[in-house]
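Per-entry structural report
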Amino acid sequence: MKIVYVYADNLQEWNCSEWRCAVPARAINRAGRHSAEMLSINDFSLTTPQAQSICSSADIIVVQRNLFGSVLSAVQHWKARDKILVADFDDAYNLMPSSNGSYRFWHDGIVNRADGSQDKLDPAPLTQFKWGLRLVHAATVPSKRLADDWHNYAEMYYLPNYIDLEKYQNVRRESHKGIIIGWGGSVSHLQSFMGSGVMTALQQVCRTRPQVKVMVCGNDKRVFDALPIPEEQKILQPWVPYNEWANVLAKFDIGLAPLHGTFDERRSWIKVLEYMVMKIPWVASEGPAYQDLRPYGWLVKNTSGAWERVLLDMVDHLENYKEEASQGPYFFGISQGIDENVDKIIQTYSEITRRVR
């Protein structure tokens, strides 16, 4: 079986395409029984000579996220040539809060150009995305809630994010003063902080434990600016390329994973899974996104008091929490390595193929 992954991220935002396309593609090729290739969504949408060469020999074409515009024509092109088309996406675009940096694109069709001008897509990408789901043979998602949400549009398959363990091994941990509570994320997480109660909790923790600092990683400075704690207890870590991310994670003593609202309920388990393979004690919002990981860390209700109680206990007994994180949570984390689970990906594609044929 030959699988082609059509990736949607550009180099400046490279993350989702790593997890959903590059990581499985490398693992499939390492396993050797099947093969995988990567193709940019731009080449795919334009049916370039490279796209023609790569897709003509494919059995399955996995198209990431951007089911709109000329991508829909390319899907029809290859579907007519007896290729199996699978959509893959990892966010609830229909449930995006207006604070999400991508809301205006998906819901209003507003495209910001590099020169500062704007274009408008009509119909909006969300409408076209729904058309696209009806065109493809199936869709894969890393959230059970997402699979349930969209089953009326396509045959849905739950395919978790498996982790490329090599990226997180042999990372050098540098000593630092105090205790760092860390979080990293994209522009889609402001409501996660504002609605979860964690902001007030961090304010109280930093007030009563002056050795604590909070590190916010990523390009959304809104989260950092909104933290109601002294400047000397805040650290802003700008976005780094994926290959450097584990070195940043290694600075965390405690990992945060706040979520809030229906959009966040459809998140994958990436953030917490990374904490576990790095042996970082973590605390996250209670809810469906991290429910399967409950035995391996702390899930709290979204009240400032619940967050504060757990964070204070972790700060005050950090060595005990680190010891615990290096056992059961770590062993579960590495059991979710991509090479240990690549057969599950192939089985999913085989099941789609059997249903279609």
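What comes next is a walk through the structure. (Residues numbered from 1 in each chain as written. Predicted model: local features only at pLDDT ≥ 70, side-chain atom pairs only at ≥ 80, totals over all residues. Heavy atoms only, no water.)

1. A closer look at unusual backbone geometry
Negative phi characterises most residues that are not glycine, and trans characterises most peptide bonds. Of the consecutive residues Asp122 and Pro123, the connecting peptide bond is found in the cis state with omega at 0°. Summarising the element assignment, Pro123 is placed in the loop between β6 (118–120) and α6 (125–135). Positive phi values are uncommon outside glycine, yet Lys279 reaches one of about 60°. On the secondary structure map, Lys279 appears in the loop between α13 (270–277) and β13 (282–285). (Helix = DSSP H or I, 4+ residues; strand = E, 2+ residues; numbered from the N terminus.)

2. Looking at α13
Among the eight residues that make up α13, eight are buried, leaving the element largely enclosed by the rest of the structure. Buried residues along α13 sit against α1 (16–31), β9 (179–184), α11 (245–249), β12 (254–257), β13 and α16 (328–335). Backbone geometry just after α13 places Lys279 at a positive phi near 60°. (Buried < 20%, exposed > 50% of the residue type's maximum accessible area, 1.4 Å probe, protein only. Contact = heavy atoms within 4.5 Å.)

3. A few points about the pattern of salt bridges
Summed over the entire model, instances satisfying the criterion amount to 22 salt bridges. With a shortest N-O distance of 3.1 Å, Asp82 and Arg357 are connected by a salt bridge. Note that Asp82 is positioned in the loop between α4 (70–79) and β4 (84–88) and Arg357 in the segment after α17 (338–356), a separation of 275 residues in sequence. The exposure class assigned to Asp82 is exposed, which follows from its relative accessible area of 52%. Taking the relative accessible area as the measure of exposure, Arg357 reaches 55% and is therefore exposed. Arg266 is the partner of Asp149 in a salt bridge, and the nearest nitrogen-oxygen pair spans 2.7 Å. Of the two residues, Asp149 sits in helix α7 (residues 144–149) while Arg266 sits in the loop between α12 (261–264) and α13, which places them 117 residues apart along the sequence. Judged by its relative accessible area of 28%, Asp149 is partly exposed. Overlapping salt bridges, with partners in common, bring together Arg145, Asp149, Glu265 and Arg266 in one network. (Salt bridge = Lys/Arg side-chain N within 4 Å of Asp/Glu carboxyl O.)

4. With respect to the environment of Gln336
For Gln336, the location among the structural elements is in the loop between α16 and α17. Owing to a relative accessible area of 11%, Gln336 belongs among the buried residues under this scheme. A sequence separation of 155 residues divides Gln336 from Ile181, and the C-alpha atoms of the two residues are 24 Å apart. When sequence neighbours within four positions are dropped, the list of residues in contact with Gln336 reads Tyr162, Ile163, Trp269, Leu273 and Asn341.

These results come straight from atomic positions and should not be treated as a statement about function.
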